[in-house]
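Next come the chains, spelled out residue by residue.
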Amino acid sequence: MKLIEKYSIGTGDRFGRQGAAQIAAFRKAREQGIVAAIVWNKSSREHMFIGSSPADQREAADRAICAARWNGPYHVDADHIGLATVERFAPFCDYFTLDVADFIGAKPDTEAVDEFMKLHGGLLSEQGAPARLDREAMQAAASRYLAAANQAGKIYRRIVELRGADDFITEVSMDETDRPQSPPELAVILAALADQGVPVQTIAPKFSGRFNKGVDYLGDLGLFMSEFEEDIRVVKWAPAALGLPSSLKLSIHSGSDKFSLYGGIGSIIRKHDAGIHLKTAGTTWLEEIVGLAESGGDGLVMAKAVYRAAFEQIDQVTAPYLTVVSIDRQHLPAPEEVERWEGGQFVAALRHDPSNPGFNPDMRQLVHVAFPVAAKMGSRYLDALAANEPSVSRNVTANLWKRHIAPLLLV
Ligand SMILES: [Zn+2]
């Protein structure tokens, strides 16, 4: 097993061009005494939309690390993989996010539930247990999550088989589902994963509230923080109680731009001496568009072309993300109007600065999911990135460091 660092940030890099700018953010963090691993995560879906492969992703990561002479920790994450998609990723990744959300609620065999109750039935009523569940509720949770844990076991063993060794980091994700998991349910899930022999080091539950792409958290902050702290107690308890890796920590998906959460999360993890993994992948692609617009000239023309295509293809680009965006179409500016904008106005609308009166969260969410339209432009888009590199890099680095890593990890 490869050990995950205490703090890690999923950075993603849709087009594989921002590695250096992202590393620069981790350099700034290190200058402040913060050690965090970079995790370049990309899902099968993202690869498909962009036309890239896990081999490209590995190459972009290694190239960026080499060029920057960066000696900090980094990983390449096969994000949201399942049995059908894992094979292509296996040789090129050292971090695997096993997505078993589709198996939540699938019926496990009755013997499996009985077996689980025999082993763990009293676990959460014991002295020192981090969360409480009576036997009946525990049986209900086991019935709901055992099939998902069982699937995680299958995927994990498949990766070991493909790689020939257990030399990677395992994350299990259950975030892409309708109903949040409570802290006691998280304990049940971890027990079931331990039974399956899955050495889970990061676990991504679905939290209460909405984690929309590219914008701030929507929900009851107080409730989120108390649940989050309960979840932290569960992951701190699980290694000794269940024999899971001591590096076990929570992973927050769709974690970029959740500005109202970072301060609270940061103090809770420090209070409990816990680690964290924060996935922020899509926010970097948005900074490419901000950087293009900010450089004016041809860069601004490209940013406007991306917006126009996104606007015209709104149904296609939002379709895969309906559960994680909420766009009010009435608030989207018409492309003809955007055509007349100066660079500053475009940047104000798109950059995530809620204090700016020009900020438009609906436009931001649309552009967040619209990277396939840039992928279709092919080299025209990539050439624009290269031609406007200073402005793009500056925005990518500042966003990752100032708006994400520092608020979360800088004391
Ligand atoms: Zn996710």
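Residues numbered from 1 in each chain as written. Predicted model: local features only at pLDDT ≥ 70, side-chain atom pairs only at ≥ 80, totals over all residues. Heavy atoms only, no water.

Some details on the overall build of the chain
Phase 1: The helix and strand tally for the chain stands at 18 helices and eight strands.
Phase 2: In terms of overall dimensions, the chain has a C-alpha envelope of 70 × 45 × 40 Å along the principal axes.
Phase 3: In the chain, once contacts between residues fewer than 6 apart in sequence are set aside, the share between residues at least 24 apart is 79%.
Phase 4: Summed over its atoms, the accessible surface of the chain is roughly 16300 Å², and 51% of this surface lies on carbon and sulfur atoms. (Helix = DSSP H or I, 4+ residues; strand = E, 2+ residues; numbered from the N terminus. Contact = heavy atoms within 4.5 Å. Areas by Shrake-Rupley, 256 points an atom, 1.4 Å probe, with all protein chains shown as cover.)

Remarks on the coordination of the zinc ion
Phase 1: Listed as protein donors to the zinc ion are His80 (NE2), Asp175 (OD) and His253 (ND1); their distances from the metal cover 2.0 to 2.6 Å.
Phase 2: For the zinc ion, the donor residues sit on a single chain with the sequence spacing H-x94-D-x77-H. Of this pair, histidine 80 sits in strand S3 (residues 74–81) while aspartate 175 sits in the loop between strand S5 (169–173) and helix H7 (183–195), and the two are 95 residues apart along the sequence. A single burial state applies to histidine 80 and to aspartate 175, both of which are buried. (Donors = N, O, S within 2.8 Å, 3.2 Å for Na, K, Ca; no water. Buried < 20%, exposed > 50% of the residue type's maximum accessible area, 1.4 Å probe, protein only.)

A look at the packing of aromatic side chains
Phase 1: This structure, assessed with the given rule, holds 17 aromatic pairs.
Phase 2: Consider the rings of tryptophan 40 and tyrosine 74, whose centres lie 6.0 Å apart with planes at 70 degrees: the pair is edge-to-face. Placement of tryptophan 40 in strand S2 (residues 37–43) and of tyrosine 74 in strand S3 is noted, with a sequence separation of 34 residues between them.
Phase 3: Considering the side-chain rings of phenylalanine 211 and phenylalanine 224, the 6.0 Å spacing of their centres and the 50 degrees angle between planes classify their relative orientation as tilted. (Phe/Tyr/Trp six-rings, centres within 6.5 Å; stacked < 30°, edge-to-face > 60°.)

Let's talk about the domain arrangement of the chain
Phase 1: Under the domain assignment used here, the chain contains domain 1 (7–282 + 402–409) and domain 2 (285–388).
Phase 2: Taking only C-alpha atoms into account, the centre of domain 1 sits 29 Å from that of domain 2.
Phase 3: Taken together, the contact pairs 22 residues of domain 1 with 24 residues of domain 2.
Phase 4: For the pair domain 1 and domain 2, the summed buried surface comes to about 2100 Å²; carbon and sulfur atoms form 59% of the total.
Phase 5: Where domain 1 packs against domain 2, one counts two salt bridges.
Phase 6: Of the charged contacts in the structure, one is a salt bridge between glutamate 287 and arginine 403, with a shortest N-O distance of 3.4 Å.
Phase 7: Between domain 1 and domain 2 we count eleven residue pairs in polar contact (both at pLDDT 80 or more) in total.
Phase 8: Taken together, the elements giving at least two residues each to the side of domain 1 that touches domain 2 come down to helix H2 (44–50) and helix H10 (281–294). (Domains from an automatic or database assignment. Buried area = accessible area lost by both parts, 1.4 Å probe. Salt bridge = Lys/Arg side-chain N within 4 Å of Asp/Glu carboxyl O. Polar contact = N/O pair within 3.5 Å; in protein donor to acceptor, adjacent residues only side chain to side chain.)

What to know about the environment of glycine 19
Phase 1: Relative to the helices and strands, glycine 19 resides in helix H1 (residues 19–31).
Phase 2: Since its relative accessible area comes to 7%, glycine 19 is described here as buried.
Phase 3: Along the sequence, glycine 19 and alanine 60 sit 41 residues apart, while their C-alpha atoms lie 7.2 Å from each other.
Phase 4: Among all residues touching glycine 19, those that are not within four sequence positions of it are Asp13, Trp40 and Ala64.

Comments concerning unusual backbone geometry
Phase 1: The backbone of arginine 69 shows a phi angle near 50 degrees, a positive value even though the residue is not glycine.
Phase 2: As for its placement among the helices and strands, arginine 69 is situated in the loop between helix H3 (54–67) and S3.
Phase 3: Positioned with a positive phi, aspartate 257 is a non-glycine residue whose angle comes to about 65 degrees.
Phase 4: Among the residues examined, aspartate 257 registers a relative accessible area of 0% and is labelled buried.

Section: the nonpolar core
Phase 1: Leu190, Ile203 and Phe228 are the most contacted members of the largest nonpolar core, which has 89 residues in total.
Phase 2: If we ignore the near neighbours within four places in the chain, the residues touching phenylalanine 228 are Phe207, Leu250, Ile252, Ile265, Ile268, Ile269 and Ile276.
Phase 3: Grouped together as the second largest cluster of nonpolar side chains are 43 residues, Trp285, Val317, Val369 and Phe371 included. (Core = buried A, V, L, I, M, F, W, Y, C linked by side-chain atoms within 4.5 Å.)

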